[in-house]
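# Examining the three-dimensional arrangement
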Amino acid sequence: MPDSEYPATPVTFPPAFLWGAATSAYQIEGAVREDGRTPSIWDTFSHTPGKTAGGETGDIAVDHYHRYRDDVALMAELGLGAYRFSISWSRVQPTGRGPAVQKGLDFYRRLVDELLAKNIKPAVTLYHWDLPQELEDAGGWPERDTAYRFAEYAQIVGEALGDRVEQWITLNEPWCSAFLGYASGVHAPGRTDPAASLRAAHHLNLAHGLGASALRSVMPARNTVAVSLNSSVVRPLSQDTADLDAARRIDDLANGVFHGPMLHGAYPESLYAATASLTDWDFVHDGDLELINQPLDALGLNYYTPSLVSAADASAKAPRADGHGASDHSPWPAADDVAFHQTPGERTEMGWTIDPTGLHELIMRYTREAPGLPLYITENGAAYDDKIDSDGRVHDPERVAYLHGHLSAVRRAIADGADVRGYYLWSLMDNFEWSYGYGKRFGAVYVDYATLERTPKTSARWYGRAARTGALPEVEAV
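From a predicted model like this one, the values you see are computed outputs, not experimental measurements. (Residues numbered from 1 in each chain as written. Predicted model: local features only at pLDDT ≥ 70, side-chain atom pairs only at ≥ 80, totals over all residues. Heavy atoms only, no water.)

Scanning the chain for helices and strands turns up 15 helices and 13 strands. Computed over C-alpha atoms, the radius of gyration of the chain comes to 21 Å, within 12% of the 23 Å expected from 2.2 N^0.38 for 478 residues, which places it in the range of a compact globule. Per-residue burial for the chain yields a buried fraction of 61% across its 478 residues. Partitioning the intrachain contacts of the chain with sequence separation of at least 6 by distance along the chain shows that 77% fall at a separation of at least 24. Approximately 17300 Å² of the chain is accessible, and the part contributed by carbon and sulfur atoms is 50%. Charge centroids of the chain, computed over 41 positive and 64 negative side chains, lie 5 Å from each other. (Helix = DSSP H or I, 4+ residues; strand = E, 2+ residues; numbered from the N terminus. Rg over C-alpha atoms; globule rule 2.2 N^0.38 Å. Buried < 20%, exposed > 50% of the residue type's maximum accessible area, 1.4 Å probe, protein only. Contact = heavy atoms within 4.5 Å. Areas by Shrake-Rupley, 256 points an atom, 1.4 Å probe, with all protein chains shown as cover. Lys, Arg positive; Asp, Glu negative; His and termini not counted. Charge placed at Lys NZ, Arg CZ, Asp CG, Glu CD.)

The strand order β6-β8-β9 describes an open sheet built from three strands, whose pairing is mixed. Two strands lie at the open edges of the sheet, namely β6 (234–236) and β9 (338–341), each paired on one side alone. Strand-to-strand, the axes of this sheet are offset by a mean angle of 40°, without reference to chain direction. (Pairing = 2+ DSSP bridges. Axes fitted to C-alpha atoms, helices over the stretch in contact; angles between N-to-C directions.)

With that out of the way, let us pick up the packing of helix α14 (residues 397–415) against helix α15 (residues 458–469). One can describe the packing of α14 onto α15 by two numbers: an axis separation of 9 Å at closest approach and a directional angle of 30°. Between α14 and α15, the interaxial angle falls into the category roughly parallel. Here Arg-399, Val-400, Leu-403, His-404 and Leu-407 of α14 lie close against α15, whose contacting residues are Thr-458, Ser-459, Trp-462 and Tyr-463. Of the residues contributing to the contact of α14 with α15, the split by class is five nonpolar, three polar and one charged. (Parallel < 35°, antiparallel > 145°, perpendicular 65-115°, else oblique. Nonpolar A, V, L, I, M, F, W, Y, C, P; charged D, E, K, R; others polar.)

A word on the layout of surface pockets. Over the atoms a probe the size of a water molecule is rolled, and this reveals where empty space is left. Approximately 700 Å³ is the volume attributed to the largest pocket. Lining the largest pocket are 42 residues, with Tyr-304, Asp-322, Gly-323, His-324 and Trp-352 positioned closest to its centre. Only α8 (174–182), β8 (307–311) and β9 provide two or more residues apiece to the lining of the largest pocket. Looking at the lining of the largest pocket element by element, the count peaks at three residues for α8. Looking at the lining of the largest pocket, its residues break down into 20 nonpolar, 18 polar and four charged. (1 Å grid on protein atoms, 1.4 Å probe; cavity = no way out; pocket = protein on both sides within 12 Å on 5 of 7 lines; lining within 4 Å. Points joined across faces, edges and corners; volume = space filled by probe spheres on them.)

Now for the side chain of Asp-43. Structurally, Asp-43 can be placed in helix α2 (residues 41–46). The class of Asp-43 is buried, set by a relative accessible area of 7%. A polar contact is formed between the side chain of Asp-43 and the backbone nitrogen of Ser-40, at a distance of 2.8 Å. Ignoring sequence-local partners within four residues, the contact set of Asp-43 consists of Tyr-26, Val-32, Arg-37 and Thr-38. (Polar contact = N/O pair within 3.5 Å; in protein donor to acceptor, adjacent residues only side chain to side chain.)

Quick look at the structure:
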């Protein structure tokens, strides 16, 4: 939907609305061998030839580990009210077991103190895809024990930071961890076993439930516990019965596999039926669903683009336009007879169609799915081919228009009755974009990867003005 179809600006948000930005540990920290940190699955994956663009790694990333004070000062300058970051599990608990490394925890203590000193609310994500390699060597997420190791890790971090951090997120996008990591293999650890990916999904769900309980056992009651899901907006190509069935099956694999047990204490029966050729789901033990179905204080939604699907011939080998990287192996178990189509419209550098209506649709779905549960947009943003101009500035009007459209969709959802309490721009700054290396720039702050100098883009200034005023500036006001 064109931005002009949303209410005219200025669009005012509720006074308590939280304006933030987000990052993740492996994408920005660097310092991968310092202060006791050991390899995660992303260290191993990125150092495996052919797995990332140009063989690029997060060894240095943008050196946030050493530059965090300057980065927090930049957040304050931009007017951000919140910062969502993730903890490197292997920096805190190098083997995924046993006592913490205090030097690792001390980094996050210093970061939190710096944020609080600048009146920026910290939001901690415990897991953003960087499983300690030793746990992967023991079987990784397809093994049940990994969920219990996560609960121990959650308790360690909750005890260390729970007195100062009020907003907690257990997992970020468990769909990517399970299905890109263990089915299509385009993410770490790079395995291609669809049955294992379904086991991984369940154990990630279990980790969420156990981790939420562990956090609550050691933190003040005022703290909130959430999870961030990259729930898909799945649309059928037509209203034909076969296409509607294809959309339901993908919705089960994208959404129901996580929000079913987390929000409702049950997997969709249709998911069991559709994947019966791969597994009998015997890894779901008695009591698991009750453990997973912990009460949430909020739900994080990550949104970038909708999906468009139809029924197809399972033997057809057409390219899979699902936006999740190139692989001969599908991230959609038992769904080889579903075709993905490129949705029409303008696209970002990732090839993802720009469609703010999908964000509004997603918010309203979860407003109905979980009435009374506060929502946060924990990721939303766009990659563009940003360059420093001759004037030393980085002009990115496309990103400004993208943010205006999607924030307008958020405001429209609030007007329609949704309880959306905050928005975290992805990402604070350019960084290591997983298997794409450093070629895709999502940041509001430009990073010169040769010098690591930070330069706020036009979009950073625009977003900062929105954060300070609670209203969206005109797109041209940059």
